[in-house]
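Examination of the molecular architecture
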Amino acid sequence: MIPLFGPVPGGMELAVILLIAVLLFGANKIPKLARSTGEAMGEFKKGRQEVEDELREMQESGSSSSSPSGDASEFDDEPQTRTEPNTNTETETESGQ
């Protein structure tokens, strides 16, 4: 099995990475950084779950309602009004002269 991102760092590599992190951020900021990263990941998972639930509800409501003709459309009840774009390129001043 080939890893996706190359070899996983071992003990010595992790120690060097930790030392660099302490030097860059300071020993006091690392727990705060880890906490905020964990909170952000939790919020992301919560938002993703809400979107998945909403999509699942939309699929279930769309599949349960079907029209007699066989095509299910949630817009069948709305009136079909369409406005045609104005294709007249003449302006009022040109047509009046």
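Residues numbered from 1 in each chain as written. Predicted model: local features only at pLDDT ≥ 70, side-chain atom pairs only at ≥ 80, totals over all residues. Heavy atoms only, no water.

A closer look at the overall build of the protein
A count of helical and extended segments in the protein gives 3 helices and 0 strands. Counting all 97 residues of the protein, 1% fall into the buried class. Split by element, the accessible area of the protein, about 9600 Å² in all, is 58% carbon and sulfur. (Helix = DSSP H or I, 4+ residues; strand = E, 2+ residues; numbered from the N terminus. Buried < 20%, exposed > 50% of the residue type's maximum accessible area, 1.4 Å probe, protein only. Areas by Shrake-Rupley, 256 points an atom, 1.4 Å probe, with all protein chains shown as cover.)

Here we look at the confidence of the model for the protein
With 59% of its residues at a pLDDT of at least 70, the protein reaches an overall mean of 75. Within the protein, helix α2 (residues 29–64) carries the highest mean pLDDT (91), whereas helix α3 (residues 92–96) carries the lowest (53). (pLDDT = per-residue confidence, 0-100.)

Details of helix α1 (residues 11–25)
Between its terminal C-alpha atoms α1 stretches 21 Å, which fits the 21 Å expected from 15 residues at 1.5 Å a residue. Looking one or two places after α1, you find G26, whose phi comes out positive at around 90°. (Expected span 1.5 Å × (residues − 1).)

Examining the pattern of salt bridges
Under the counting rule described, the total for this entry stands at 2 salt bridges. Between E52 and R48 there is a salt bridge, with the nearest N and O atoms lying 3.8 Å from each other. Of this pair, E52 and R48 both sit in helix α2, separated by 4 residues, roughly a single helical turn. Of the residues examined, E52 reaches a relative accessible area of 35% and is grouped as partly exposed. Classification of R48 by relative accessible area gives partly exposed; the value is 42%. Measuring nitrogen to oxygen at the nearest pair gives 3.0 Å for the salt bridge that ties R56 to D53. Of this pair, R56 and D53 both sit in helix α2, 3 residues apart, which is roughly one turn of that helix. (Salt bridge = Lys/Arg side-chain N within 4 Å of Asp/Glu carboxyl O.)

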